[in-house]
Amino acid sequence: MSSQTPSPGPVPASSGGERRKPRVAVVFGGRSSEHAISVVTAGAVLRAIDREKYDVLPIGITTDGRWALTADEPERMAIANRELPSVERLAESSEGSVVLPVDPGNREVVYSEPGAVPKALGDVDVVFPMLHGPYGEDGTLQGLLELSGVPYVGAGVLASAVGMDKEYMKRVFVSFGLPVGPYEVIRPRAWEQEPSAARQRIVEFAEEHGWPLFVKPARAGSSFGISKVEGPADLDAAIEEARRHDPKVIVEALLRGREIECGVLEYEDGPRASVPAEIPPVSSHAFYDFEAKYIDAADGIVPAPLSEEQTRRVQELAVAAFEAASCEGLVRADFFLLDSGEFVINEINTMPGFTPISMYPRMWQESGVSYPELVDRLLEAALRRSTGLR
């Protein structure tokens, strides 16, 4: 039996044989703490998709995991008056659910409500998964789509999982000889059964690398659950805050330097890097946290004021990180430029934010790729690929 399911190509045929536009299911929301940011991102993508070229089917996943049919109304998906949107508010029904096929020979999406005859919504040719965090960006949705034989935008199962887990991401980078900063991991069993030993391990880590430390959920994004810890007295509270988002916690040493980001986009001939950007210090925030990113809209500097040599180096490292993790489609790679002049990789995001203020599209805009063109390139790349081993 073949391990691959052929992709439908950019111009599929309907059941009657006539040519039709490819149908894009934009899937967003989800069960993670990044639900609202996923909704905001999806709204921006829905506005950018070329409706002359693609048909669009918006599908939202509620915070309890129900797949809901939503209206194609991007204007309702933005942050308004500091209030975050949700799939629950966008869903056309509080009980109806959307079901994707699990048979690779069938791509018809079905919508059902209690007491009603299921309704066929038509075939889906490609999925644009705008989910951030666990249950979507971590390889779980990608695995479902592989089983279904439906092409999708972005990284596959392995790269998505590696990109979500900060511990294994760093392990992969180290194995490829890429520079990472000092870190320590607190696994769930260690904190639950021997918290004093785990605490002592972190204190010894701080004695070697210095305070403050950053305590983070190992598998979360958008800066949720992150604390800057100035000393041992604040350590337990920071660990518990991180564990509200993920039972596995990663502790990182403070790296003194500039925060630099670089986008990677997959072209027909391989991945290419954008011009880099710099995230300047935010005076009203202890670090670049959720409020700074999405509510107070800290401005990044695009392009970053770097020398030609520094720009070339960070672009090389961004592409190397993309390749090391076996990524596809897109990645935003985040770095520290240390006072010593060395670049250190902080992390990669396999599905970076696409909000109007997000750095990834801004970097590509400055590199000559407009937002609509960026979305189009990602869809075309997904339609070229097959599911399965590749």
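Residues numbered from 1 in each chain as written. Predicted model: local features only at pLDDT ≥ 70, side-chain atom pairs only at ≥ 80, totals over all residues. Heavy atoms only, no water.

In the nomenclature of an unreviewed UniProt entry, the protein corresponds to D-alanine--D-alanine ligase from the organism Streptomyces violaceusniger. In its Function (unreviewed entry) section, UniProt records this for the protein: "Cell wall formation." According to its UniProt record, the protein has this under Subcellular location (unreviewed entry): "Cytoplasm". (UniProt positions renumbered as here; feature names shortened; annotations may be inferred.)

### A short note on the pairing of strand 6 (residues 108-112)
In strand 6, alternate side chains face the same way, and those of V109 and Y111 are buried while those of E108, V110 and S112 on the opposite face are not. Bridge count between strand 5 (residues 97-99) and strand 6: three bridges; the pairing is antiparallel. Each bridged residue has a counterpart across the sheet, and for S97 the counterpart in strand 6 is S112. Sheet analysis places strand 6 next to strand 7 (residues 119-123), joined by four bridges and oriented antiparallel. The residue of strand 7 that forms the bridge with V110 is A120. From the end of strand 6 to the start of strand 7, which pair antiparallel, there are six residues, and G115 there has a positive phi angle of about 80 degrees. (Buried < 20%, exposed > 50% of the residue type's maximum accessible area, 1.4 Å probe, protein only. Helix = DSSP H or I, 4+ residues; strand = E, 2+ residues; numbered from the N terminus. Pairing = 2+ DSSP bridges.)

### Quick word on the environment of V302
Mapped onto the secondary structure, V302 falls in the loop between helix 9 (290-295) and helix 10 (308-324). In the structure, V302 is positioned 57 residues away from M359 in sequence and 8.5 Å away in space, judged by C-alpha atoms. Apart from the residues within four sequence positions on either side, V302 is in contact with V275, A277, M359, R362, M363 and E366. (Contact = heavy atoms within 4.5 Å.)

### Side note on the packing of aromatic side chains
In total, this model carries five aromatic pairs according to the counting rule given. Summarising the aromatic geometry, the rings of Y267 and W364 are spaced 6.4 Å apart at their centres and angled 45 degrees between planes, so their arrangement reads as tilted. Here W364 lies in helix 11 (residues 359-366) and Y267 lies in strand 13 (residues 257-267), a separation of 97 residues in the sequence. Relative accessible area serves as the criterion here: at 3%, W364 is assigned to the buried category. Each member of the aromatic cluster is reached from another via a ring pair, and the members are F128, F354, Y360 and Y371. Over the face of the ring belonging to Y267 we find R272, whose NZ or CZ atom lies 3.9 Å from the ring centre. (Phe/Tyr/Trp six-rings, centres within 6.5 Å; stacked < 30°, edge-to-face > 60°. Lys NZ or Arg CZ within 6 Å of the ring centre and 35° of its normal.)

### A word on the UniProt feature "active site" (unreviewed entry) in the protein
The UniProt entry lists E34, S222 and S358 under the feature "active site" (unreviewed entry), expressed in the numbering used here. Tracing the chain through its elements places E34 in the loop between strand 2 (23-29) and helix 1 (35-48). A relative accessible area of 3% places E34 in the buried class.

### Some thoughts on the side chain of K170
Looking at the secondary structure, you find K170 in helix 5 (residues 166-175). Here N346 takes part through its backbone oxygen, which lies 3.4 Å from a polar atom of the side chain of K170. What K170 contacts, discounting residues up to four positions off in sequence, is V180, Y183, I250, E252 and N346. (Polar contact = N/O pair within 3.5 Å; in protein donor to acceptor, adjacent residues only side chain to side chain.)

### Description of the domain arrangement of the protein
Examined at the domain level, the protein breaks down into domain 1 (23-152), domain 2 (164-180 + 256-371) and domain 3 (185-253). For domain 1 and domain 2, the distance between their C-alpha centres works out to 27 Å. Counting from both sides, the interface comprises 18 residues of domain 1 and, opposite them, 15 residues of domain 2. Of the roughly 1300 Å² buried at the junction of domain 1 and domain 2 (both faces included), carbon and sulfur atoms supply 72%. For the domain 1 face of the interface with domain 2, the top three residues by lost area are I37, R82 and E137, together amounting to 37%. On inspection of domain 1 and its partner domain 2, the count reaches zero salt bridges. The tally of links between domain 1 and domain 2 comes to two residue pairs in polar contact (both at pLDDT 80 or more). At seven residues, the largest contribution of residues to the side of domain 1 that touches domain 2 is made by helix 1. (Domains from an automatic or database assignment. Buried area = accessible area lost by both parts, 1.4 Å probe. Salt bridge = Lys/Arg side-chain N within 4 Å of Asp/Glu carboxyl O.)

### Examining the sheet that holds strand 11 (residues 227-229)
As summarised here, the arrangement of the four strands in space is 9-12-10-11, forming an open sheet in which the pairing is antiparallel. Of all the strands in the sheet, the pair left with one neighbour each is strand 9 (183-186) and strand 11. Strand-to-strand twist across the sheet, computed as the mean angle between neighbouring axes with direction ignored, equals 25 degrees. In the sheet, strand 10 (residues 213-217) pairs with strand 11 via three bridges, with the strands oriented antiparallel. Among the inter-strand pairings, L213 is bridged to a residue of strand 11, identified as V229. Here helix 8 (residues 235-243) sits on the sheet in contact with strand 9, strand 10, strand 11 and strand 12 (249-253), set at roughly 25 degrees to strand 10. (Axes fitted to C-alpha atoms, helices over the stretch in contact; angles between N-to-C directions.)

### Some thoughts on the nonpolar core
The biggest cluster of nonpolar side chains holds 36 residues, and the ones touching the most others in it are V26, F28, I49, F128, M130, F354 and L379. For this core, the secondary-structure elements that each account for two or more residues are strand 2, helix 1, helix 2 (87-90), strand 8 (126-129), strand 13, helix 11 and helix 12 (371-384). With seven residues, helix 12 is the largest single contributor of residues to this core. When residues of this core are assigned to domains, at least three map to each of domain 1 (23-152) and domain 2 (164-180 + 256-371). In this structure L379 touches V24, I49, Y54, V126, F128 and V153, once residues within four positions along its chain are discounted. In this structure, V162, C262, V264 and A333 belong to the second largest nonpolar core, which totals 26 residues. (Core = buried A, V, L, I, M, F, W, Y, C linked by side-chain atoms within 4.5 Å.)

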